Amino acid sequence: MVLAYGDGVGGRIVIALRENKDCRLNSVCVRDGRNLFAFLFLLSTIIRTVVHAGKDIRRMAKSAVYVVNGGDEYLNSLTLRRLLHDISAELPHMERIEMDAAHTDAYGFMEAASPSLLSDGAIVRVDNLENSTDDFLKILEKYTGDHKQRSIGDSVVICRKNAGQKGSGIVNRLKKAGAEIIDIPQLKKEKDYRSFITGECERYGCYMTADAMTLLSGVLAGKTGEIAAMCKQLCMDFDENPITVTSVSQYMVNNPQVSGFEVSDKAMAGNLAGAIVDMRNSVAQGMAPIAIIGVLASHLRSIAKVAAVESGQISQAEAGLTNTWLYNKAKRNLRGWNSAGLARAIQMCAWADEQCKSSGGDPVYAIEKTLECITTHGTAIVEGMNS
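What comes next concerns the included structure. Given the structure is predicted, the values throughout are model-derived calculations rather than measurements.

Scanning the protein from terminus to terminus reveals 15 helices and eight strands. In the form shown here, the protein has an accessible surface area of approximately 20,300 Å², with 51% of it arising from carbon and sulfur atoms.

Moving on, we get to the sheet that holds strand β7 (residues 156–161). The strand order across the open sheet formed by five strands is β5-β6-β7-β4-β8, and the pairing between neighbours is parallel. Edge strands, defined here as strands with exactly one partner in the open sheet, are β5 (95–100) and β8 (180–183). Here the strands of the sheet are splayed against their neighbours by 15° on average, with no regard to which way each runs. Alignment of β5 against strand β6 (residues 122–127), held across six bridges, turns out to be parallel. Bridge pairing links aspartate 100 to aspartate 127 in β6.

What follows concerns helix α6 (residues 190–202). Spanning 13 residues, α6 covers 18 Å between terminal C-alpha atoms, matching the ideal 18 Å at 1.5 Å per step. Buried within α6 we find Tyr193, Phe196, Ile197, Glu200 and Cys201. Buried residues along α6 cover an arc of 130° about the axis, so they all sit on one side. When the buried face of α6 is taken as reference, the exposed residues oriented beyond 90 degrees from it are Lys191, Ser195 and Glu202.

Along β6, six of the six residues are buried, which leaves the element largely enclosed by surrounding structure. Burial along β6 is two-sided: the residues Ala122, Val124 and Val126 and Ile123, Arg125 and Asp127 are all buried. Here β6 pairs with β7 via four bridges, running parallel. From the neighbouring strand, valine 124 faces β7, where its bridge partner is valine 157. This β-α-β element, β6 to helix α4 (residues 134–146) to β7, shows right-handed connectivity.

We now examine the nonpolar core. The nonpolar side chains of soluble globular proteins are, as a tendency, buried together. Core analysis: the largest hydrophobic core is formed by 38 residues, its most contacted members being Ile87, Ile158, Ile197, Met208, Leu216, Ile227 and Val248. Beyond its immediate chain neighbours, meaning those up to four positions away, isoleucine 197 contacts Met208, Met213, Leu216, Ser217, Ile227 and Cys231. Ranked by size, the runner-up nonpolar core spans 32 residues in total, among them Ala267, Trp337, Cys349 and Ala352.

Analysis parameters
- Residues numbered from 1 in each chain as written.
- Predicted model: local features only at pLDDT ≥ 70, side-chain atom pairs only at ≥ 80, totals over all residues.
- Heavy atoms only, no water.
- Helix = DSSP H or I, 4+ residues; strand = E, 2+ residues; numbered from the N terminus.
- Areas by Shrake-Rupley, 256 points an atom, 1.4 Å probe, with all protein chains shown as cover.
- Pairing = 2+ DSSP bridges.
- Axes fitted to C-alpha atoms, helices over the stretch in contact; angles between N-to-C directions.
- Expected span 1.5 Å × (residues − 1).
- Buried < 20%, exposed > 50% of the residue type's maximum accessible area, 1.4 Å probe, protein only.
- Arc of directions from axis to C-beta.
- Right-handed = clockwise from strand over helix to strand, strands pointing away.
- Core = buried A, V, L, I, M, F, W, Y, C linked by side-chain atoms within 4.5 Å.
- Contact = heavy atoms within 4.5 Å.

What follows is the structure, given as structure tokens:
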């Protein structure tokens, strides 16, 4: 690398530096100079600048250990993929190694993170950090402390911790050791979904009306990946801006969850006529009756779980209803139900499911009777129903 070129007192002079990959000075080459004294100070200044610049780059480097911490499963996976992509682009010569914290010991980790004949280091992905063995955690914590500032040639370790309290202590230990923690949010409330949908639409230069977001998040709550894919498709396929609830309904008309969601919503609200009309329209458009029954049964099970939580039989976590918005919705739908009515309605869904699968059954009639049972909070039954 040529650092200086010019006319000195005694002739033309060229000063060049050769450096290795670690930014260390290997040699100085001075050519065609008769009087070097005038450039001596310049040379020393340049050398100091290069050496200090290399040190500054090292100081600016981030930790060699990252932790993608909990939160929404889809957002967690997305962040992990993007981080791996960015690190791989930055360090294309490094090999990729994957390991599970539950089945990795100190020797296995050091073998993966140590330089090899083919590479200075590696990009090491560690899944299920919350299940780390003591042996692995100790060596990971030590590696983190030794590499708070990543240097050239260091292996990069990217750990993934799944959602939940388990493993929080491990994350705290690694954070104290110097790891970079990337906390992932958990989408629980309606405003969280609205914020997420707004962000996804903005990526494509669009936005969505409030009622359209309510429909989309209500149908696909808990399925963040599907919401993201749906936002992308809606933005690509529709020219209107903002995207309205009509467009969302039109696009999702062949989605069993959407049709079932609308039918179930009206049934839970006591609107029997509206639920039957929507159900018949869906079936006429080619929707499988059994898909609608599946959504109805799912909503009834959610109500039953909320009833168990509210009575103190199980916790909200044990019921699998960690999504606050879904829990509150099921809780609102719980009003007017008792245990006998819920049991009868779930029984009706099972009977309707059987009618859909049997060759001699009448699926539409079975769904209508099930909807009648739901709108009356389990008081209506049908003669001949399997018990």
